[in-house]
Amino acid sequence: VFSDRRAKRVEQNKVKVAKTSDMVGSFKVVLFCPEHLSIIKSGPELRRNFLDVAISQLKPVYMSSLQRYNKILKERNRLIKEAADNEAARRVMDDTIDVWSEQLAHEGAIIARYRVEYIQKIRQAAALVFSDMTEGRESPDFHYLGTAHLSCEEDYLDTKKTESAFLNLLTASHAREIGAGYTLWGIHRDDIDITLNGVCARLFASQGQQRSLALAMKLAEGWVSALESEGDMPVFLFDDVLSELDVHRRDYLVRQMKGRQVIMTACDPGAADFGGDVNLIRVNGGCYTQKEA
């Protein structure tokens, strides 16, 4: 990205890129930072973000659909909020909101299908990583929690069924949405149900187990990316995460990263031993100095 006083310019192989979003997926990375260690115990927004970032790198059509969904949702929420303030705005909402609901249901069904497909892949990969990490003593599972009220996860793979279910909800109770002040149904309220040995990991897993699950999810993200990219592993970016892991999980992470392309930041240069095949760069006061491993 080249920046001057007038504008920013993005190029790929010396060819100008019209939109920054077009670059997503051209350089596949897995980012793991301290915030991600809270992915199990935090609210659903962080888990949705995990899905959105991972899938967008693999499926550009997903990101396009997500961008359209968010624009439609913003307009629909504006109508709902304004309708609560005066009668004229309520009449405008009554005349137009079904058009926005139809578009929202359509894009939401597409996004839901991609999310379920990805969760089914991450389920297998994360379970294998976690089993290896715990020597088979514990078993995690991941399930999609959608708001279309379909009977099972697999139903969301049928976009027509999902679209119809969303549309029924979005057109059934405008009064409830006006009372709440926003759209009550849609993929913006999705979540992932994460269990460990059959019980809710968010409520019953220890902090160490939750961190192991988060680590397994990020490593599995890399394996799924490679599977979808004909074996081409992404670059792993670890931003000051080693200090947040205990020795066991730190050693496991280092073993898994052997032979991979990894960029890692750490305050302690001795936080991990990657062997001799590394480049060490010390940053001090804005100065970068390369050191021998």
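Refer to the structure above for everything that follows.
Rules used in this analysis
- Residues numbered from 1 in each chain as written.
- Predicted model: local features only at pLDDT ≥ 70, side-chain atom pairs only at ≥ 80, totals over all residues.
- Heavy atoms only, no water.
- Axes fitted to C-alpha atoms, helices over the stretch in contact; angles between N-to-C directions.
- Helix = DSSP H or I, 4+ residues; strand = E, 2+ residues; numbered from the N terminus.
- Parallel < 35°, antiparallel > 145°, perpendicular 65-115°, else oblique.
- Contact = heavy atoms within 4.5 Å.
- Nonpolar A, V, L, I, M, F, W, Y, C, P; charged D, E, K, R; others polar.
- Expected span 1.5 Å × (residues − 1).
- Buried < 20%, exposed > 50% of the residue type's maximum accessible area, 1.4 Å probe, protein only.
- Salt bridge = Lys/Arg side-chain N within 4 Å of Asp/Glu carboxyl O.
- Pairing = 2+ DSSP bridges.
- Phe/Tyr/Trp six-rings, centres within 6.5 Å; stacked < 30°, edge-to-face > 60°.

> Can you help me understand the packing of helix H1 (residues 44-58) against helix H3 (residues 87-133) in this one?
Geometry of a packed helix pair, given as the angle between the helix axes and the separation of the axes. Here H1 crosses H3 at 95°, and the two axes come no closer than 10 Å. It follows from the interaxial angle that H1 and H3 lie roughly perpendicular. Touching Arg48, Phe50, Leu51, Asp52, Ala54, Ile55 and Leu58 of H1 are Tyr114, Arg115, Tyr118, Ile119 and Ile122, all from H3. In the contact of H1 with H3, the residues fall into nine nonpolar, no polar and three charged.

> How do you make sense of helix H7 (residues 207-228) when you look at a structure like this?
An α-helical segment advances 3.6 residues per turn. Residues three or four places apart therefore align on the same side. In a regular helix each residue adds 1.5 Å, so 22 residues correspond to 32 Å; H7 covers 31 Å between its end C-alpha atoms and thus fits that length. By the criterion of burial, H7 is predominantly enclosed, with 16 of the 22 residues buried. Among the residues trailing H7, Glu230 stands out with phi positive, at a value near 55°.

> Help me out: how do you make sense of the pattern of salt bridges in this one?
Side chains carrying opposite charge are able to pair once their charged atoms draw close together. Tallied over the full model, the rule gives 18 salt bridges. One salt bridge in this structure joins Arg78 and Glu75, with 3.1 Å as the shortest N-O distance. With Arg78 and Glu75 both in helix H2 (residues 60-83) and three residues apart, the pair spans about one turn of that helix. Among the residues examined, Glu75 registers a relative accessible area of 28% and is labelled partly exposed. For the salt bridge of Arg123 with Asp141, the shortest nitrogen-to-oxygen distance reads 3.2 Å. One end of the pair, Arg123, is in helix H3; the other, Asp141, is in strand S6 (residues 140-145), and 18 residues separate them in sequence.

> Looking at this structure, I do not really get the environment of Leu46. What am I missing?
Position of Leu46 among the secondary structure elements: in helix H1. Considering only alpha carbons, one finds Leu46 and Glu35, 11 residues apart in sequence, at a separation of 8.8 Å. In contact with Leu46, not counting residues within four places along its chain, are Glu35, Ser38 and Ile39.

> Help me understand H1, please; the structure alone is not making it clear to me.
Taking 1.5 Å per residue as the helical rise, H1 with its 15 residues ought to reach 21 Å, and the 22 Å between its terminal C-alpha atoms agrees with that figure. Among all positions of H1, only Leu46, Arg47, Arg48, Phe50, Leu51, Asp52, Ala54, Ile55, Ser56, Gln57 and Leu58 are buried.

> What exactly am I supposed to notice about the pairing of strand S10 (residues 262-265) here?
Each regular strand carries side chains that alternate between the two faces of the sheet. Pairing geometry for strand S9 (residues 235-239) and S10, over four bridges, is parallel. Its bridge partner lying in S10, Phe238 is registered against Met264.

> I would appreciate a short explanation of the packing of aromatic side chains in the present structure.
Where two aromatic rings form a pair, the distance of their centres and the angle of their planes describe that pair. Throughout the structure, instances matching the rule amount to six aromatic pairs. Look at Phe32 and Phe238: their rings are 6.0 Å apart centre to centre, the planes differ by 70°, and that puts the pair in the edge-to-face class. Placement of Phe32 in strand S5 (residues 29-32) and of Phe238 in strand S9 is noted, with a sequence separation of 206 residues between them. Given a relative accessible area of 0%, Phe32 falls into the buried group.

> How should the sheet that holds strand S8 (residues 199-200) be read in this particular structure?
Strands belonging to one sheet form pairs held by backbone hydrogen bonds; the direction of such a pair is parallel or antiparallel. Across the sheet, which stays open at both edges, the three strands sit in the order S6-S7-S8 with antiparallel pairing between neighbours. Strand pairing shows two members of the sheet lacking a second neighbour, S6 and S8, which therefore form its edges. Both S6 and strand S7 (residues 191-196) contribute to a ladder of six bridges, which runs antiparallel. Each bridged residue has a counterpart across the sheet, and for Phe142 the counterpart in S7 is Ile194. Relative to the sheet, H3 contacts S6 and S7, its axis offset from that of S6 by approximately 170°. With respect to the sheet, H7 is in contact with S6 and S7, its orientation differing from that of S7 by roughly 120°.

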